[in-house]
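# Report on the structure
The lines below spell out each chain.
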Amino acid sequence: MIRERLKQLREKMALRGIDAYLVTSSDPHQSEYLADYYKARAFVSGFTDSQGTAVVTRDEAILWTDGRYFIQADFELQGTEFKLFRQGVPGVLTVAEFLKDRVRPGGKIGFDGNCVSYQLYRDLLEKMDDQILIGSLDFIKEIWKDRPALPHGEAFAHQPEYTGSTVADRIRELRKRMGQQGIDNYIISALDDVAYLYCLRGRDIPCNPVIFAYALISRDQALLFCDMAKLTDEVKEHLASNGVEIRPYDEVGDILSQIPGKSTLFFDPASVSIALIDRAPSNVQLIKDRSIVGAMKAIKNETELRHQRNAYLKDGTALVRLFHWIETGTPTGVVTEVAVVDKALKLRSEQEHFIENSFETIAAYGANASMPHYAPSQNRQAVLKPKGLFLLDSGGQYLDGTTDITRTIQLGELTDTEKLHYTLTLKSHISLISAKFKVGTSGHYLDAFSRLPLWREGVDYNHGTGHGVGYLLFVHEGPHRIAVQPNAIPLEEGMVVSVEPGLYVPDSHGVRIENICVVKKDITNEFGSFLSFEILSVCPIDTRPLLVDRLDDHEIQWLNEYNQSCYDKLADRLSGADLKYLEQATKSISR
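My aim in this report is to walk through the structure given alongside it, one point at a time. (Residues numbered from 1 in each chain as written. Predicted model: local features only at pLDDT ≥ 70, side-chain atom pairs only at ≥ 80, totals over all residues. Heavy atoms only, no water.)

### Section: the side chain of aspartate 578
As for its placement among the helices and strands, aspartate 578 is situated in helix H19 (residues 576-585). Once residues lying within four places of it in the same chain are set aside, the contact partners of aspartate 578 are Val320, Arg321 and His324. (Helix = DSSP H or I, 4+ residues; strand = E, 2+ residues; numbered from the N terminus. Contact = heavy atoms within 4.5 Å.)

Structure follows, in structure tokens:
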């Protein structure tokens, strides 16, 4: 199958004299998670997860992905021509370095400019030696005969009782910031930014409650470009009453081309495609920077946080019932990873205002948990057994919030290494989540708090420590994050972020413990102002796998207090055997 697709792609390349063809993991809005229609890189390569880039030359096929997916990519690329280039590993060529090395000066590199960001295009252009970039070639469209249809679900308004502000309020604040920066026009492509600004949600991408749309804001006009068939009369009134004009999705380029000359156009180069920006008049001054709406969206207001706390109470209720079900059923030998995925969805769906999962559930038993983004399927799943560790990373989209949480639990007898790695992961988690840090501190700096307990033992993990979380939006949200990779964005009061260190041993086991937090004010004294984390997640952390003697007094106190808080918040929501399970799971520990 992949061989035939590569053959057809190379035939198209030969007809146009293309030396290398680039396929990204994105759509026209540079989304992380994609509707099936836009999974072009998965179609051509066979690698199915969310992050990766493929390049096909006349005699090579290469896939790049990062450390979260190395094991999965090795598995899924077996039997294909594709070679895995491990992104970020010393000595491995980057995409740009590969293209520069393989394509002669004057040679042609093709791609679909609708699915390549302005930023990626400029980065490639600057690194080439006179290689020619051609962004008008959608060869995948030509060879993908049974391509899925674009989604057509209805949009709905996210009302002020949940958002804490109106569309008009948000447009007003945005225009204020635009005025401060001398911006006449602002094109918004990121789907979660459009959804936030216009308090609009939808079902166009599984687990991501958005619709395909653009926004264009000027000093006197607010436009929404979308498939108008998705808008009910209620949504149209919601937009019109807040001063938003609706235009067909495909008109965005035409309207952009009519922006008056010598005016300014602002955009986020990471989220707007090169094909769209090419429609702007040449005499319009381009201003490129991080999304202004993204910065607004990252700071959750008190209404959003109040609802988000409630969403985590509901989520915790479902999870305690789920873990009780898993531990009761595992000895029977009939509980599979897919059964856990299905049961988690069922239990969450019983909670008020549940909409859908917030990402594809990671239910990983034993060695499968060594793949940080493993997802089981009917053709690839394990049966849970009363031994070893089980990792569940899951979340829900509720009308009142987005959840994401990871717990690793003991199902039976453990090896000494499994116990040690679980204990070290918890120490890593507590080290960061209990920290105080000065105002102005970035997540890049804080990442070391989490890794220090692991580095002392000569171990580490190959993924970020924390990501922002949206509010009935994307489970991965910027601009802030906690990671080794440099990021100058400071954590601010009201930002929601995950803390999720882990340890992974291929073909053996994996451990991850994740809580979601909101940044809050802590203390101000003669040394400055400090921040800390308030934990939103409400689900006990398993104490059974711990080597308690490896924990210090602070860590034992933190764990006991956290588990006690879970009992206090969830006891009234549970009954019978589920309540007894909660009581057992939250018992305090001591040396």
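### Points about the pairing of strand E13 (residues 264-267)
The two faces of E13 match: Thr264 and Phe266 on one face and Leu265 and Phe267 on the other face are all buried. With two bridges connecting them, strand E8 (residues 185-188) and E13 associate as parallel partners. Counterpart to asparagine 185 in the pairing with E13 is leucine 265. Of the strand pairs in this sheet, E13 and strand E14 (residues 285-288) are connected by four bridges, and their pairing is parallel. Its bridge partner being in E14, phenylalanine 266 is matched across the sheet by isoleucine 287. (Buried < 20%, exposed > 50% of the residue type's maximum accessible area, 1.4 Å probe, protein only. Pairing = 2+ DSSP bridges.)

### Some points on the packing of helix H16 (residues 416-433) against helix H17 (residues 443-455)
The geometry of H16 relative to H17 is characterised by a closest axis approach of 7 Å and an angle of 150° between their N-to-C directions. Relative to H17, the element H16 lies roughly antiparallel. Crossing hand, H16 versus H17: right-handed. Where H16 approaches H17, its residues Leu424, Thr425, Lys427, Ser428, Ser431 and Leu432 are matched on the opposing element by Leu446, Phe449, Ser450, Arg451, Pro453 and Leu454. Its residues assigned to classes, the contact of H16 with H17 comprises six nonpolar, four polar and two charged. (Axes fitted to C-alpha atoms, helices over the stretch in contact; angles between N-to-C directions. Parallel < 35°, antiparallel > 145°, perpendicular 65-115°, else oblique. Left-handed = near helix turned anticlockwise from the far one by under 90°. Nonpolar A, V, L, I, M, F, W, Y, C, P; charged D, E, K, R; others polar.)

### Some thoughts on the packing of aromatic side chains
Taken as a whole, this structure holds 16 aromatic pairs when the rule is applied. With 4.5 Å between their ring centres and 20° between their planes, phenylalanine 43 and tryptophan 144 make a pair best called stacked. Highlighted residues: phenylalanine 43 in helix H2 (residues 40-45) and tryptophan 144 in the loop between helix H6 (139-143) and strand E7 (156-157), separated in sequence by 101 residues. Ring centres of tryptophan 64 and phenylalanine 98 lie 5.4 Å apart, and the angle between their planes is 75°; this geometry places the pair in the edge-to-face category. In this pair, tryptophan 64 is assigned in strand E3 (residues 61-65) and phenylalanine 98 in helix H4 (residues 95-102), connecting sequence segments 34 residues apart. The exposure class of phenylalanine 98 is buried, given its relative accessible area of 0%. Here arginine 147 stacks its cationic end above the ring of tyrosine 37, 3.9 Å away from the centre of that ring. Its end group placed over the ring of phenylalanine 75, arginine 380 keeps NZ or CZ at 4.0 Å from the ring centre. (Phe/Tyr/Trp six-rings, centres within 6.5 Å; stacked < 30°, edge-to-face > 60°. Lys NZ or Arg CZ within 6 Å of the ring centre and 35° of its normal.)

### Points about the sheet that holds strand E10 (residues 213-218)
In space, the six strands of this open sheet follow the order E12-E11-E10-E8-E13-E14, with mixed pairing throughout. Since the sheet does not close on itself, it has two edges, and those belong to strand E12 (244-248) and E14, each with one partner. The mean angle between the axes of side-by-side strands here comes to 20°, regardless of whether they run parallel or antiparallel.

### Remarks on the pairing of E3
The element E3 is extensively covered by neighbouring structure, given that five of its five residues are classed as buried. In E3, alternate side chains face the same way, and those of Ala61, Leu63 and Thr65 on one face and Ile62 and Trp64 on the other are all buried. Summarising the sheet, strand E2 (residues 53-57) and E3 pair through four bridges and their orientation is antiparallel. By the bridge assignment for E3, alanine 54 is matched with leucine 63.

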